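Here is what each chain is made of, one letter per residue.
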Amino acid sequence: MTGNITKRIQEIQETIPSTVRLIAVTKTVSTEAIREAYEAGIRDFGENKIQEALAKQEKLQDLNDITWHFLGHLQSNKVKQALLHFHWIHTCDRVKIAQRLNRLLGELEITPPNLLLQVKPLKDPNKYGWEIPELLEALPTLNEYQHLKIKGLMTILPLNQSTEETQAAFTKVRDLGQKINIQKDLSFTIEELSMGMSADYPIAIEAGATMIRLGRTIFGERPH
Ligand SMILES: *Cc1c(COP(=O)(O)O)cnc(C)c1O
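Residues numbered from 1 in each chain as written. Predicted model: local features only at pLDDT ≥ 70, side-chain atom pairs only at ≥ 80, totals over all residues. Heavy atoms only, no water.

Caption draft 1: Looking closely at the UniProt feature "domain: Alanine racemase N-terminal" (unreviewed entry) in the chain. The positions that UniProt labels "domain: Alanine racemase N-terminal" (unreviewed entry) are, in the present scheme, residues 4-223. Helix makes up 42% of residues 4-223 and strand 18%, and the two end C-alpha atoms of the span are 17 Å apart. (UniProt positions renumbered as here; feature names shortened; annotations may be inferred. Helix = DSSP H or I, 4+ residues; strand = E, 2+ residues; numbered from the N terminus.)

Set out below in structure tokens:
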């Protein structure tokens, strides 16, 4: 598998606009493979389990210009670790966790990571995230959490959608961002849209994604 990583990254880079940030998703991927991706020019890496990420970060300390993205579900007891060890957190998905992030940031003297709000544009019982009306309702509350550096929206679509459904869902997320940005009295704006994975990233880019999160397309299939 390794050896192909460089080639795959080059192929992807050739097809995506240079303004789109390519995040290499490295869950289950070895630090050797991560080094190869780094050599190929990747500086953004995403993990979804804190413990796995910390172990890898420890081994990769010499690569000190990596930007680490947390992509996993945020459990209350892991929030502090996520704040301390990641530059971006993509998965703020409920008011309770936003409140906790805000409180911890008030206590810890650290540069706050950039935060994305995870939304569910389609009904999907298996995925975390705000439904769109819920998020709109939560905005005044989120706005009070002054330590949060809210930068954008993130979404993971359910599997097996048609191209049309996928397009419509990503467009809903983009429109939500615009709707948030015309609201008065909000102290944050939606500048980033983290959407698109191996199965759907070209559609996401067309719909306005600014960040795509690719695992299998770069590193091959993950072990089950
Ligand atoms: C695993 C994962 C990805 C990457 O998925 P691929 O299908 O391997 O590209 C992207 N985003 C999140 C949140 C993930 O957990």
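Caption draft 2: Region of interest: the packing of helix α6 (residues 132-144) against helix α7 (residues 163-181). Look at α6 against α7: their axes get within 12 Å of each other, and the N-to-C directions meet at 20°. On the basis of the axis angle, α6 is roughly parallel to α7. Between α6 and α7 the crossing geometry is right-handed. Residues I132, L135, L136 and L139 of α6 form the contact with α7, whose participating residues are K172, L176, K179 and I180. Grouping the amino acids of the contact of α6 with α7 by side-chain chemistry returns six nonpolar, no polar and two charged. (Axes fitted to C-alpha atoms, helices over the stretch in contact; angles between N-to-C directions. Parallel < 35°, antiparallel > 145°, perpendicular 65-115°, else oblique. Left-handed = near helix turned anticlockwise from the far one by under 90°. Contact = heavy atoms within 4.5 Å. Nonpolar A, V, L, I, M, F, W, Y, C, P; charged D, E, K, R; others polar.)

Caption draft 3: Layout of the packing of aromatic side chains. Tallying each qualifying case throughout the model produces two aromatic pairs. For the ring pair F45 and W68, a centre distance of 6.0 Å and an interplane angle of 40° mean the geometry is tilted. Residue F45 is located in strand β2 (residues 44-47), and its partner W68 is located in strand β3 (residues 67-70); the two are separated by 23 residues in the primary sequence. A residue is classified by how much of its surface remains accessible, and F45, at 0% relative accessible area, is buried. Ring centres of F70 and F86 lie 5.2 Å apart, and the angle between their planes is 65°; this geometry places the pair in the edge-to-face category. Taken as a pair, F70 in strand β3 and F86 in the loop between α4 (79-85) and β4 (88-92) lie far apart in primary sequence, 16 residues in all. (Phe/Tyr/Trp six-rings, centres within 6.5 Å; stacked < 30°, edge-to-face > 60°. Buried < 20%, exposed > 50% of the residue type's maximum accessible area, 1.4 Å probe, protein only.)

Caption draft 4: Inspection of the pattern of salt bridges at higher detail. Applying the stated criterion across every chain, the model contains 10 salt bridges. Notably, a salt bridge pairs R94 with D93, separated by 2.7 Å at the nearest N-O pair. Overall, D93 belongs to the buried group, its relative accessible area being 6%. When salt bridges with common partners are traced through the structure, they connect E47, E52 and K56 into a single cluster. (Salt bridge = Lys/Arg side-chain N within 4 Å of Asp/Glu carboxyl O.)

Caption draft 5: Representation of the UniProt feature "modified residue: N6-(pyridoxal phosphate)lysine" (unreviewed entry) in the chain in the model. Within the UniProt annotation, "modified residue: N6-(pyridoxal phosphate)lysine" (unreviewed entry) is assigned to K27. With respect to the helices and strands, the residue K27 is situated in the loop between β1 (21-25) and α2 (31-39). Taking the relative accessible area as the measure of exposure, K27 reaches 22% and is therefore partly exposed.

Caption draft 6: The nonpolar core, seen in detail. Counting residues in each nonpolar core, the largest one holds 70 residues, and the members touching the most others are L142, L153 and I180. It is α6 that provides the largest number of residues to this core, a total of six residues. The contacts of I180, once residues within four sequence positions are left out, are L135, L136, L139, L153, L186, F188 and I190. If you look at the next biggest cluster of nonpolar residues, it comprises six residues, including L116, M154, I156 and M211. (Core = buried A, V, L, I, M, F, W, Y, C linked by side-chain atoms within 4.5 Å.)

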